[in-house]
Structure formats: structure tokens, C-alpha cells
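Analysis of the macromolecular model
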Amino acid sequence: MPYRVTDVKDLARGLRDTLLEGAPGFLEALYDVGSIEDDKLRPLVAAMMADSARFLQMAREKLRPRSVEVASEEQRGTSYVVRLLLDGKTTLEVLVDDVYAREGSLHTRDVMQIKLIAG
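Quick caveat: nothing in here was measured; it's all calculated off a predicted structure.

Per the secondary structure count, the chain includes 3 helices and 6 strands. Taken over the C-alpha trace, the chain has a radius of gyration of 14 Å; the compact-globule value for 119 residues is 14 Å, and the two agree within 12%. Taking the principal axes of the C-alpha coordinates as reference, the chain spans close to 45 × 25 × 25 Å. Counting the 119 residues in the chain, one finds 38% classified as buried. In the structure as shown, the chain presents an accessible area of about 6,700 Å², 51% of it carried by carbon and sulfur atoms. In the chain, which carries 17 positive and 20 negative side-chain charges, the distance between the mean positions of the two groups comes to 5 Å.

Written as C-alpha cells, this is what we have:
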């Protein structure tokens with residue numbers, strides 16, 4: 001099923017799914033590189049998406065969560081912050097900055113910031 005990020009809850013679900021099972025299509029929907037018409041910007045955003053994918057994959061491989069729950073989600077202007085509870089004890093905070101809406105979906109062109117809060 002293709003991902004569509006319309007609000008912070010969809011963002012949180014996509015991050016949760018990505019940490020649990022990889023969630024193919026989530027980052028592609030969030031970054032929407034294919035819709036970028038600027039030939040100079042498109043490869044930069046593709047690189048940022050690849051960096052975010054690598055960071056999430058590293059978290060998934062290192063932490064190996066058996067369960068991921070959304071602890072909190074909030075919007076701060078154009079930034080979205082999602083806190084995820086892994087296996088009931090480790091908290092990851094994911095900041096997605098410079099979020100904008102286009103055709104009913106949310107997108108970003110920035111690298112996600114991932115912080116290990118407790119564990």
C-alpha cells in the first residue's frame with residue numbers, strides 16, 4: 001500500500017513502520033523527489049532522502065526493536081517532532097524540519113535528525 005503523509009500522525013506511523021519493517025515507499029512519499037522540477041535541487045533532495053534512509057536503517061539494525069510505539073507527536077511551525085518508544089524502554093526523537101504541504105500531502109527537503117533520548 002503506498003504511503004501518503006497528510007499529517008503528523010501519518011508521519012509517526014511511517015516512522016514506526018520503517019523502524020519495524022523497513023516500510024518501502026514511506027520516505028519516497030515524504031520526500032517526493034520525482035515532483036521536483038529544479039534539476040539542481042532534485043539530486044540534493046535525493047541525497048538528503050538517502051541520508052535519512054541510512055540513519056533510520058542504522059537505528060533499526062543497531063537497536064533491533066521488536067515493538068515500536070508512538071510516544072508523542074507534535075508540530076512546531078514547519079517542523080514535526082515524533083518520539084518513538086522502542087521495546088518499551090528506548091526513546092528515539094525524530095525531527096523532520098522544513099515540512100511543507102503540496103496537493104494534500106506533507107513533504108520535506110531536509111535530512112531527518114534522529115536522537116537517542118533514553119535507553
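From this point, the discussion proceeds with the structure in view.
Note on placement: P65 falls in the loop between α3 (41-63) and β1 (68-76). P65 gets classed as buried once you look at its relative accessible area, which sits at 11%. Considered as a pair, P65 and V82 are 17 residues apart in the sequence and their alpha carbons are 16 Å apart. Residue contacts for P65: discarding those within four places in its chain leaves L19, L20, R60, L86 and D87.

Another point: the nonpolar core. L11, L15, F26, L30, Y31, L84 and M112 are the most contacted members of the largest nonpolar core, which totals 28 residues. Of all elements in the fold, only α1 (8-21), α2 (26-31), α3, β2 (79-86) and β3 (90-96) reach the threshold of two or more residues within this core. For this core, the element with the most residues is α1, which contributes 5 residues. Once residues within four sequence positions are removed from consideration, L15 is found in contact with F26, L56, V82, L84, V94 and M112.

Calculation criteria
Residues numbered from 1 in each chain as written. Predicted model: local features only at pLDDT ≥ 70, side-chain atom pairs only at ≥ 80, totals over all residues. Heavy atoms only, no water. Helix = DSSP H or I, 4+ residues; strand = E, 2+ residues; numbered from the N terminus. Rg over C-alpha atoms; globule rule 2.2 N^0.38 Å. Buried < 20%, exposed > 50% of the residue type's maximum accessible area, 1.4 Å probe, protein only. Areas by Shrake-Rupley, 256 points an atom, 1.4 Å probe, with all protein chains shown as cover. Lys, Arg positive; Asp, Glu negative; His and termini not counted. Charge placed at Lys NZ, Arg CZ, Asp CG, Glu CD. Contact = heavy atoms within 4.5 Å. Core = buried A, V, L, I, M, F, W, Y, C linked by side-chain atoms within 4.5 Å.

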